[in-house]
Amino acid sequence: VLPVLSVVFQLSQQYRRRCFRLQTFRCVRTLQPLSFRWDRNLQTLSSRTLHTATVSRGPIVQFKLSDIGEGIMEVTVKEWYVKEGDKVSQFDSICEVQSDKASVTITSRYDGVIKKLYYDVDATALVGKPLVDIETESKVIQEEDVVETPAMAREEHTHQEIKGHKTQATPAVRRLAMENNIKLSEVVGTGRDGRILKEDILNFLAKQTGAILPPTLFQEIQTPAPTPAAVAAAAQPAIFTGKDVTEPLKGFHKAMVKTMTAALKIPHFGYCDEVDLSRLVALRAELRSTTEGRGVKLSYMPFFIKAASLGLLHFPILNASVDEGCQNITYKASHNIGLAMDTSQGLLVPNVKNVQLLSVFEIAQELNRLQTLGAAGQLGTSELTGGTFTLSNIGSIGGTYAKPVILPPEVAIGALGKIQILPRFDAGGQMVRAHIMNVSWSADHRIIDGATMCRFSNLWREYLENPACMVLDLK
Amino acid sequence: MMSHTRRAWSLLRGGSGVGSGSSSCDGGGLVLRSRSTDVYQNLALEDWIDANVDLERRGVLLLWRNRPAVVIGRHQNPWAECDLAAMRRAGIPLARRRSGGGTVFHDLGNLNLTFFASKKAYDRQRNLKVITDALRRIRPGLQVHATDRFDILLNGHLKISGSASRLSRKSSYHHCTLLHSADRSALAAVLRPSCPGIHSNATPSVPSPVANLLDHAPSLQWEELLDALANQYNAEFSSGATATLVDPADESAFPGLGRVAAELRDWNWTFGKTPKFSVQTVLHLTDDHSRARSSAQLHMEVKNGVIDSCQLDVPADWLPPRLSGELSGVLVGERFCGHRAAAAVTALLRPESGELRHRLRSLCDAVVSVMG
């Protein structure tokens, strides 16, 4: 007689076999008194206090795999978007299935919690058979809540006369039907005296094919005029629930731990200085249009790198490597100067090979190539290994002085600060605008002494402060 | 042409503007041509139309083509389907589409047709009939027919079209290729596996002998083919539309399309959506200095494009287990990508020296090359 209740009895029988007894009782209990609650609501119209609606657990529904069309009876489950215990809303994607080159997204028909997945990935699912179990949410309004406003409350029952048939429904249910363009005469009422309940509208909607419903509709059917208490309870509490998050170090970051641990075993000493780049700035400005005409972007780095290589020719110990027990020192022939690059993956150090053989322009070309690869995440082992000396242009991000860490198996590293325009005195005692950059060197004190580092730095600085000198010594 | 576009928009958005003149759609269908040749923009355009156009009343035909690109199906494994290193060298991008099916090589000689319809009106054979009827009409001598696997064959055995489709909650689209003048040698060079030893349940591609329409109908020009298809679509679906040119890069016409294209370009979609697979292969190791040789076994499990587990069996006399263990440990949790692995292994190599360093380097290079 009452279709919903008979379905519940069927379900509860099925579930007695599957669920715990407690759940079965709950299923029956929540649905049976529903019709009585509606009556009581309508009779207690006098109280105007509005309370929040509480959500109680509804029945577990078997969501069957619906017909895909073209006579297809089985599909392969390719990916699950949900797992057991996940909350889903109507129209959320549940899984992806594939049949015969057609890829189909299956969406949920109900709001609720996923209770069971019937298939693993790559399993064959059958059309018409259960796909998932969803424990639906039925937003049952408890007896202390009243949703009517004074004007509507005067009518004990609101009914429509359509085709001579009196259809009873509360204003909330009527509004739900109206917002979905549903004629109440077409809905089977399962409440007392055939009254149409909210569940009836929901079931009617679920059966419709091709119905275009905005997903947020059901959230709107709540208390019409929220009181501050309701708003406070409904809104997410904005309290700080900051919890510590622990996760294991993986991949590149794990490898860097090893590198840095080994690096700091090296006794570092630091040496810093200031370089006046005013003449270099002017030189670069002159050369930029020429290089751009050749399709290459010219920054200051190619000059820094070339000057370092010229300096290494005089101080080859800075381009060396020591073995494990610091027994032997190897003076490397090639100047493979590494450039610290900040990529999305982290700090990578590709190097320019054989700088001692390259012109400033060729270095600029190679830098462009490495920067493109770095930005695309495509640096390979050949670019990333074999470095003998490193420069880190931290100044491109900011900063003046730094304390760089030597990257084994190298023995020295330089960090370049940002170029600032500062007041300085020239040879004649006049104050001038100077382009000043700071450099911070670190070196392995086991084989390199302060004097060596200082002399190298002075030579390097000399080349950059007087680029004409660099032209003299260029190889 | 602009007024065509404006009227088309009002129709696409469900407006009531049924204008006068030949440019309007009379309710049967809409024919669009994309002016973009960017594979990600065109795939995003398909998604956009599927999500935003009301297909209940009438369908849409979209005609498009891409600069050279490889497009894999939704549930395929890119490492198994194409040679990623060769593609990178040639500057050919990889895209994963949202529909199922196999791998396709797109270039400017390969026409793509997408038939959009409501789920109820989804009928692939009817769509393919549009193509075969159009071809027979303009070149009556051509022997073409559609198979029950939704391919179109020329002269009974040469494939000129393959199909794939996607069904959503209330809409559907069926797209297919049509080989007019594609570069078949480029196709052969990239459509082979990136690395050996892949075991997976991903959808495999079924290779078939293919042919270009132009080889069998040398006078058939591109524009003539497109016109014939548009006219046949109109005849089949009782519409009067002429093809409207659309630009997917126009954010005002297609709000949100840029974001969809960005999702399609993202690693997490292209590679991260690969169904889980395992790689089992033998690595050949050489020590450049001592000229010694050895071999190792590599077994990796990859989930969502990320290495889930890694087992390296290296002879202990070649390399101490501590080092091969460190290498495995560092690879787990990294993307299955040669470059990511390169960054991690080079960091590992730094503190090592001497013979161990050379041997570890050889092992690292071998592992990185497996990942393509």
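Everything numeric here is computed off the predicted structure, so don't read it as measured data.

**Here we look at the packing of helix H11 (residues 301–314) of chain A against helix H12 (residues 360–375) of chain A**
Residues and elements named next belong to chain A.
- For the pair H11 and H12, interaxial distance at closest approach is 9 Å and the crossing angle is 120°. Taken together, the axes of H11 and H12 lie oblique to each other. Considering only the axes of H11 and H12, their crossing is right-handed. The residues of H12 that touch H11, namely those facing Met301, Pro302, Phe303, Ile305 and Lys306, are Val360, Ile363, Ala364 and Leu367.
- Each residue belonging to the contact of H11 with H12 can be placed in one class, and the counts come to 8 nonpolar, no polar and 1 charged.

**So, the sheet that holds strand S3 (residues 69–72) of chain B**
All names here are of chain B.
- Read from one edge of the open sheet, 3 strands run S4-S3-S5, paired in mixed fashion. Two strands bound the open sheet, and with one partner strand each, they are strand S4 (94–96) and strand S5 (104–106). In this sheet, adjacent strand axes meet at a mean angle of 30° when their direction is disregarded.
- Across 3 bridges, the pairing between S3 and S5 is antiparallel. Each residue of the ladder has a partner; that of Val70, found in S5, is Phe105.
- The sheet strands contacting helix H2 (residues 39–52) are S3 and S4, and the helix crosses S4 at an angle near 10°.

**Observations concerning helix H12 (residues 338–349) of chain B**
- Taking 1.5 Å as the rise per residue, H12(B) with 12 residues should run 16 Å; its terminal C-alpha atoms sit 16 Å apart, in good agreement.
- Along H12(B), 12 of the 12 residues are buried, which leaves the element largely enclosed by surrounding structure.
- Within the span of H12(B), buried status applies to B:Gly338, B:His339, B:Arg340, B:Ala341, B:Ala342, B:Ala343, B:Ala344, B:Val345, B:Thr346, B:Ala347, B:Leu348 and B:Leu349.
- Buried positions along H12(B) lie against helix H9 (251–263), strand S16 (346–348) and helix H13 (381–384) of chain A together with helix H4 (84–90), helix H11 (321–331) and helix H13 (354–370) of chain B.

**Quick notes on the interface of chain B and chain A**
- Taken together, the contacts link 50 residues of chain B with 43 residues of chain A.
- Overall, the association of chain B and chain A removes approximately 4,100 Å² of surface from exposure, summing both partners, and the carbon and sulfur fraction of that is 50%.
- Among the residues of chain B in contact with chain A, B:His75, B:Arg169 and B:Arg350 are the three that bury the most area, contributing 18% of the side total.
- At the junction of chain B with chain A, the criterion picks out 6 salt bridges.
- Where B:Glu326 meets A:Lys258, a salt bridge forms, and the shortest distance between an N and an O atom there is 2.6 Å.
- At the junction of chain B and chain A, the tally comes to 20 residue pairs in polar contact (both at pLDDT 80 or more).

**Section: the nonpolar core**
- A:Phe304, A:Phe389, A:Trp460, B:Leu283, B:Phe336 and B:Leu363 are the most contacted members of the largest nonpolar core, which totals 103 residues.
- If we skip the residues at most four places from it in the chain, B:Leu363 touches B:Leu283, B:Leu285, B:Leu312, B:Val314, B:Leu319, B:Ser324 and B:Leu327.

**Overview of the sheet that holds strand S11 (residues 171–179) of chain B**
- Judged by pairing direction, the sheet is mixed, and its 10 strands sit side by side in the order S7(A)-S2(A)-S4(A)-S5(A)-S10(B)-S11(B)-S6(B)-S2(B)-S1(B)-S13(B) without closing on themselves. The open sheet terminates on both sides in strands that have one partner only, identified here as strand S7 (124–126) of chain A together with strand S13 (244–246) of chain B. Here the average twist between neighbouring strands, direction ignored, is 25°.
- Seen against the sheet, helix H5 (residues 124–138) of chain B touches strand S5 (102–107) of chain A together with strand S6 (110–118), strand S10 (163–167) and S11 of chain B and runs at an angle of roughly 35° to S11(B).

Basis of the calculations
- Residues numbered from 1 in each chain as written.
- Chains lettered and ligands numbered in written order.
- Predicted model: local features only at pLDDT ≥ 70, side-chain atom pairs only at ≥ 80, totals over all residues.
- Heavy atoms only, no water.
- Axes fitted to C-alpha atoms, helices over the stretch in contact; angles between N-to-C directions.
- Helix = DSSP H or I, 4+ residues; strand = E, 2+ residues; numbered from the N terminus.
- Parallel < 35°, antiparallel > 145°, perpendicular 65-115°, else oblique.
- Left-handed = near helix turned anticlockwise from the far one by under 90°.
- Contact = heavy atoms within 4.5 Å.
- Nonpolar A, V, L, I, M, F, W, Y, C, P; charged D, E, K, R; others polar.
- Pairing = 2+ DSSP bridges.
- Expected span 1.5 Å × (residues − 1).
- Buried < 20%, exposed > 50% of the residue type's maximum accessible area, 1.4 Å probe, protein only.
- Buried area = accessible area lost by both parts, 1.4 Å probe.
- Salt bridge = Lys/Arg side-chain N within 4 Å of Asp/Glu carboxyl O.
- Polar contact = N/O pair within 3.5 Å; in protein donor to acceptor, adjacent residues only side chain to side chain.
- Core = buried A, V, L, I, M, F, W, Y, C linked by side-chain atoms within 4.5 Å.

By themselves, these observations are geometric and do not establish any function.
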